[in-house]
Amino acid sequence: PDEELIIEMCPGEGMWPAHSTRVIEKLLAMKDGPTAIFAINDVTALYLLEAAKSKGVRVPEELSILGFDGVLDWVPGGGPLTTLVQDFGRMGEIAVELLLERFDRPHSPIYRHVLIDAPLSLRGSTAPPQSHDSSPGVNAAAVPKTEQTS
């Protein structure tokens with residue numbers, strides 16, 4: 001991937017509109033900026049969506065924005081954001097299962113890598129990319145990310 005298009009944000013940084021505005025400004029300043037942004041969570045994606053619109057970017061016609069967690073599913077109407085919906089209920093079930101296993105075997109390390117489906121919920125913030133000619137400066141992909149902790 002083009003490292004210039006990967007924008008790292010410190011934990012919590014994407015939760016503030018000013019940070020999202022700086023991200024959008026940086027992407028718009030690129031000669032060959034992105035056609036899409038995949039944000040670390042829905043709140044960050046919503047701030048990026050608002051920042052893009054405030055800079056005159058037409059979402060999704062010029063820039064698609066995708067969130068990850070599905071928290072807007074809890075809001076009546078679901079909001080405008082395309083997102084991958086995490087199954088928080090299943091995450092809780094797995095956490096309880098692991099906790100109970102820990103009680104049963106307190107001196108035995110319990111590690112489990114679990115993959116949980118996160119289905120795509122298509123809403124109004126994504127569309128197929130336009131050709132480079134019809135959308136100058138927007139033709140690659142961007143993935144804002146945060147630092148990972150282990």
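Residues numbered from 1 in each chain as written. Predicted model: local features only at pLDDT ≥ 70, side-chain atom pairs only at ≥ 80, totals over all residues. Heavy atoms only, no water.

Across all of its chains, the model carries seven salt bridges by this definition. Between E25 and K55 there is a salt bridge whose closest N-O contact spans 2.8 Å. With a gap of 30 residues between them, E25 in helix α1 (residues 17-29) and K55 in the loop between α2 (42-54) and β3 (64-69) connect regions that are remote in the sequence. Relative accessible area serves as the criterion here: at 37%, E25 is assigned to the partly exposed category. Since its relative accessible area comes to 40%, K55 is described here as partly exposed. The salt bridge partner of R112 is E97, with a shortest N-O separation of 4.0 Å. Residue R112 is found in the loop between α3 (88-104) and β5 (120-121), and its partner E97 is found in helix α3; the two are separated by 15 residues along the sequence. Exposure remark for E97: the relative accessible area of 34% places this residue in the partly exposed category. (Salt bridge = Lys/Arg side-chain N within 4 Å of Asp/Glu carboxyl O. Helix = DSSP H or I, 4+ residues; strand = E, 2+ residues; numbered from the N terminus. Buried < 20%, exposed > 50% of the residue type's maximum accessible area, 1.4 Å probe, protein only.)

Honestly, it's all geometry; don't read function into it.
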